[in-house]
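# Descriptive analysis of the structure
Residue-level listing of the chains:
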Amino acid sequence: MTGSLLPSIWLGAFDCAEQWNRARETQQVPTARRLGGAIDDRVLWSRHPMTLDAWCAGCQAVQPIQVDWHFGSVGTDGSVHPAWSETAVCKGCGLNSRMRALLDRVQHLALAEQTQVFVAESITASYRQLERRFPRLLGSEFLGADHEPGKSYWNERYQQEIRHEDLTRLSFEDGRFDLVITQDIFEHIPDFVRAFAECRRILRSGGHLVFTVPFRPGLAATEVRARFDANGVLEHLLPPEYHGDPIGDGGVLCFQRFGWDMLDRLREVGFAKAQAHLYWGPWQGHFGFPFFVFQASCAP
Ligand SMILES: [Zn+2]
């Protein structure tokens, strides 16, 4: 026998808002949402932290998955739920739901161990999981605009050299990698289109960019929350929202929450295909609906 006895967590892939809306109208999405919501609600027998057993794509084993209520909120339908993508943390490897989903997506690509992979992080639990799969993995962190892309700097907190890269001006030559991975980074880059173009530039033919970002499937157009004006002055269009930063002490500003036009921007910078991959599956500790991992692929 080949393959897993567990079903895939990938429910479908969408190219654009029209496809998503069509799926909503034809009951495909409402059915998945209703079944998913019903199961999620049964799981929430109390609004306390809890542990569930699930298959972890990181550990490749059944592990206890910890659910907590940090950033929990009330949905548009009035249901109270944890921030599902940020919680459901595997006690074995430390990856939360969205990180485990991204890893599962990467494993779906079935790439060789010697594949050249760049991931825009290097001191994280995800980095360690990716390194196990791709020994030639190259990672970096954004250490600040006053650092030189491609150079490594000693970090006191982590007691290690950390390579600095800026996704809007990467130090790598064209076509260097087969796979580029970023997790919740593009929302912190005002010129995210330039970052998309840089990721495309360092990928070779047939290469893939796999990433997560805060995404609003109800938005056709990306919601710009902050930007730099013509004089380079930061301007807040919506109340500032800060996310955690493993390197700095403060948070990092969220410049935008993405809508479906993000996929158009990816195609415009030269990716042949760009899709939002919808996932859900309690057997792998993925609750909440709808959440996506994004994949943009270069022509072979
Ligand atoms: Zn794990």
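See above for the structure.
Conventions used here
- Residues numbered from 1 in each chain as written.
- Predicted model: local features only at pLDDT ≥ 70, side-chain atom pairs only at ≥ 80, totals over all residues.
- Heavy atoms only, no water.
- Core = buried A, V, L, I, M, F, W, Y, C linked by side-chain atoms within 4.5 Å.
- Buried < 20%, exposed > 50% of the residue type's maximum accessible area, 1.4 Å probe, protein only.
- Helix = DSSP H or I, 4+ residues; strand = E, 2+ residues; numbered from the N terminus.
- Contact = heavy atoms within 4.5 Å.
- Donors = N, O, S within 2.8 Å, 3.2 Å for Na, K, Ca; no water.
- Tetrahedral: all angles 85-135°; square planar, octahedral: opposite > 155°, others 65-115°.
- Pairing = 2+ DSSP bridges.
- Salt bridge = Lys/Arg side-chain N within 4 Å of Asp/Glu carboxyl O.

This part takes up the nonpolar core. If you look at the biggest cluster of nonpolar residues, it comprises 41 residues, and the most contacted ones within it are Phe118, Leu167, Phe186 and Leu209. Elements that contribute at least two residues to this core include exactly α1 (17-25), β11 (177-183), α5 (192-201), β12 (203-212), α6 (261-268), β19 (273-281) and β20 (286-297). Once you skip the residues sitting within four places of it in the chain, leucine 209 turns out to touch Val180, Phe186, Cys199, Leu203, Leu266, Phe271, Phe294, Gln295 and Ala296.

So, on to the coordination of the zinc ion. Taken together, Cys56 (SG), Cys59 (SG), Cys90 (SG) and Cys93 (SG) make up the protein donors of the zinc ion, found 2.3 to 2.4 Å from the metal. Coordination at the zinc ion is tetrahedral, judged from the four donor atoms that bind it and the angles of 100 to 120° they form at the metal. Sequence positions of the donors to the zinc ion reduce to the motif C-x2-C-x30-C-x2-C. Here cysteine 56, found in strand β2 (residues 50-56), pairs with cysteine 90, found in strand β6 (residues 89-90); they are 34 residues apart in sequence, far enough to count as distant. In this pair, the class of cysteine 56 matches that of cysteine 90, namely buried.

What α6 keeps buried is the set Asp261, Met262, Leu263 and Leu266. The elements touched by buried residues of α6 are β1 (10-14), α5, β12, β19 and β20.

A few words now on the sheet that holds strand β3 (residues 61-67). With antiparallel pairing, three strands are arranged side by side in an open sheet as β2-β3-β6. For this open sheet the edge positions go to β2 and β6, each flanked by a neighbour on one side alone. Inspection of the sheet shows β2 paired to β3 by seven bridges, in the antiparallel sense. Among the inter-strand pairings, methionine 50 is bridged to a residue of β3, identified as valine 67.

As a further point, take the pattern of salt bridges. In total, this model carries 16 salt bridges according to the counting rule given. Of the charged contacts, one joins glutamate 198 and arginine 201 as a salt bridge, the two residues approaching to 2.7 Å between their closest N and O atoms. Highlighted residues: glutamate 198 and arginine 201, both in helix α5, separated by three residues, approximately one helical turn. Under the relative-accessibility criterion, glutamate 198 is labelled buried at 12%. Its salt-bridge partner being arginine 265, residue glutamate 268 comes within 2.9 Å of it at the nearest N-O pair. Of the two residues, glutamate 268 and arginine 265 both sit in helix α6, three residues apart, roughly one turn of that helix. Residue classification places glutamate 268 among the exposed positions, given a relative accessible area of 56%. Arginine 265 sits in the partly exposed class, given a relative accessible area of 23%.

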